[in-house]
Amino acid sequence: DAGVIQSPRHEVTEMGQEVTLRCKPISGHNSLFWYRQTMMRGLELLIYFNNNVPIDDSGMPEDRFSAKMPNASFSTLKIQPSEPRDSAVYFCASMPGLVGNNEQFFGPGTRLTVL
Amino acid sequence: AQSVTQLDSHVSVSEGTPVLLRCNYSSSYSPSLFWYVQHPNKGLQLLLKYTSAATLVKGINGFEAEFKKSETSFHLTKPSAHMSDAAEYFCVVSTGFQKLVFGTGTRLLVSP
């Protein structure tokens with residue numbers, strides 16, 4: 001199994017530009033999570049999906065952030081327009097839908113730098 | 001609400017000496033608890049998890065943790081540190097609604 005795949009691994013962009021981060025969860029996993037990690041705030045849950053449906057987006061910082069999961073094998077996190085304070089590492093994680101198994105498997109992350 | 005507190009932001013040990021990373025939790029019911037490790041510029045990897053079975057949980061790379069309800073603690077230990085253990089360690093509690101709540105992390109430094 002390839003694990004959770006994220007792309008790109010690094011992204012450098014200028015303020016005001018649109019940024020799209022991509023995630024492919026582990027095949028067969030029913031839940032997908034987007035996290036942001038910064039030095040100041042640590043790891044924060046932004047949004048998560050169950051069976052491709054957004055369940056909780058209370059962690060999304062503002063309307064500039066949006067996430068979609070059009071099918072079970074793909075999700076995107078979009079920032080439009082981007083700002084320097086969005087610079088962080090963004091992680092995607094997936095979880096099996098088995099009762100009693102709440103282990104999340106993390107991708108390698110996307111390091112975003114907004115200049 | 002569920003939460004975890006990692007009592008040390010940094011822990012320094014010498015190679016070959018024991019490791020102790022401390023974590024206290026707060027939960028209104030029997031929690032699921034995890035320890036994740038993050039090596040520099042890497043994603044998070046599960047070390048071990050507690051889900052109300054045995055209170056002493058063994059994980060990968062020689063790590064283990066003991067769930068102590070009376071002390072609301074879930075400390076991570078390893079008998080002998082290796083240089084490759086240098087990383088950031090996160091204590092995590094599950095809210096029961098699939099969401100995980102992460103501690104602030106403990107950076108483990110291992111000197112030769």
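Use the structure listed above.
Residues numbered from 1 in each chain as written. Chains lettered and ligands numbered in written order. Predicted model: local features only at pLDDT ≥ 70, side-chain atom pairs only at ≥ 80, totals over all residues. Heavy atoms only, no water.

J.: Looking at this structure, how should I read the layout of surface pockets?
T.: Over the atoms, a rolled probe matching the size of one water molecule traces out where space is still vacant. Here the largest pocket defines a volume of roughly 650 Å³. In terms of lining, the largest pocket is formed by 29 residues, of which the most central are Gln 37 and Met 39 of chain A together with Gln 38, Glu 88 and Arg 107 of chain B. Per-element accounting of the lining of the largest pocket gives the leading share, three residues, to strand S9 (residues 88-95) of chain A. Counted by class, the lining of the largest pocket contains eight nonpolar, 15 polar and six charged residues. (1 Å grid on protein atoms, 1.4 Å probe; cavity = no way out; pocket = protein on both sides within 12 Å on 5 of 7 lines; lining within 4 Å. Points joined across faces, edges and corners; volume = space filled by probe spheres on them. Helix = DSSP H or I, 4+ residues; strand = E, 2+ residues; numbered from the N terminus. Nonpolar A, V, L, I, M, F, W, Y, C, P; charged D, E, K, R; others polar.)

J.: Looking at this model, I keep getting lost on the state of the cysteines. Mind explaining?
T.: Note on terminology: a disulfide is the covalent bond linking the sulfur atoms of two cysteines. All names here are of chain A. Applying the stated rule across the entire model yields two disulfides over all chains. Residue Cys 23 pairs covalently with Cys 92 via a disulfide, S to S 1.9 Å. Across the S-S bond linking Cys 23 and Cys 92, the dihedral sits near -70°, which makes this disulfide left-handed. Taken as a pair, Cys 23 in strand S3 (residues 19-24) and Cys 92 in strand S9 lie far apart in primary sequence, 69 residues in all. Take Cys 92: its relative accessible area is 0%, and that puts it in the buried class. (Disulfide = S-S within 2.5 Å. Buried < 20%, exposed > 50% of the residue type's maximum accessible area, 1.4 Å probe, protein only.)

J.: How do you make sense of the nonpolar core when you look at a structure like this?
T.: For soluble globular proteins, the rule of thumb is that nonpolar side chains tend to be buried together. One finds Trp 35, Leu 76 and Tyr 89 of chain B to be the most contacted residues of the largest nonpolar core, which totals 26 residues. Looking at this core, the element that brings in the most residues is strand S10 (residues 87-94) of chain B, giving four residues. Excluding anything up to four places from it in sequence, Tyr 89 of chain B contacts Gln 6, Leu 21, Trp 35, Tyr 36, Val 37, Leu 47, Phe 63, Leu 76, Gly 105, Thr 106 and Leu 108 of chain B. Core analysis: the second largest hydrophobic core is formed by 21 residues, Ile 79, Ala 88, Tyr 90 and Cys 92 of chain A among them. (Core = buried A, V, L, I, M, F, W, Y, C linked by side-chain atoms within 4.5 Å. Contact = heavy atoms within 4.5 Å.)

J.: Sorry, what's going on with the packing of aromatic side chains here?
T.: The relative placement of two aromatic rings is captured by the distance of their centres and the angle of their planes. Considering all chains together, one arrives at 14 aromatic pairs over all chains under this definition. Ring centres of Tyr 50 of chain B and Phe 74 of chain B lie 6.3 Å apart, and the angle between their planes is 50°; this geometry places the pair in the tilted category. Residue Tyr 50 of chain B is found in strand S6 (residues 44-50), and its partner Phe 74 of chain B is found in strand S9 (residues 73-78); the two are separated by 24 residues along the sequence. Across the pair, exposure class does not vary: Tyr 50 of chain B and Phe 74 of chain B are buried alike. With a centroid separation of 5.5 Å and an interplanar angle of 45°, the aromatic rings of Phe 63 of chain B and Tyr 89 of chain B are classed as tilted. One end of the pair, Phe 63 of chain B, is in the loop between strand S7 (56-58) and strand S8 (64-68); the other, Tyr 89 of chain B, is in strand S10, with 26 residues separating them in the sequence. Through a chain of ring-to-ring contacts, three or more aromatic side chains come together here, namely Phe 33, Tyr 35, Tyr 48, Phe 91 and Phe 106 of chain A together with Phe 34, Tyr 36, Phe 90 and Phe 102 of chain B. (Phe/Tyr/Trp six-rings, centres within 6.5 Å; stacked < 30°, edge-to-face > 60°.)

J.: Got a minute to help me understand the interface of chain A and chain B in this structure?
T.: In many reports, interface size means the accessible area that the parts give up when they come together. Contacts between the two partners involve 21 residues from chain A, matched on the other side by 18 residues from chain B. Area buried by chain A at its contact with chain B is led by Leu 43, Asn 102 and Phe 106 of chain A, which between them contribute 33% of it. The interface formed by chain A and chain B contains two salt bridges. Two residues, Asp 56 of chain A and Lys 99 of chain B, come together in a salt bridge whose shortest N-O distance is 2.8 Å. (Buried area = accessible area lost by both parts, 1.4 Å probe. Salt bridge = Lys/Arg side-chain N within 4 Å of Asp/Glu carboxyl O.)

J.: When you look at the side chain of Gln 37 of chain A in this model, what are you seeing that I'm missing?
T.: Structurally, the position occupied by Gln 37 of chain A is in strand S4 (residues 31-38). With a relative accessible area of 16%, Gln 37 of chain A lands in the buried category. Contact partners of Gln 37 of chain A, with chain neighbours within four places excluded, come to Gly 42, Leu 43, Ala 88, Val 89 and Phe 91 of chain A together with Gln 38 and Phe 90 of chain B.

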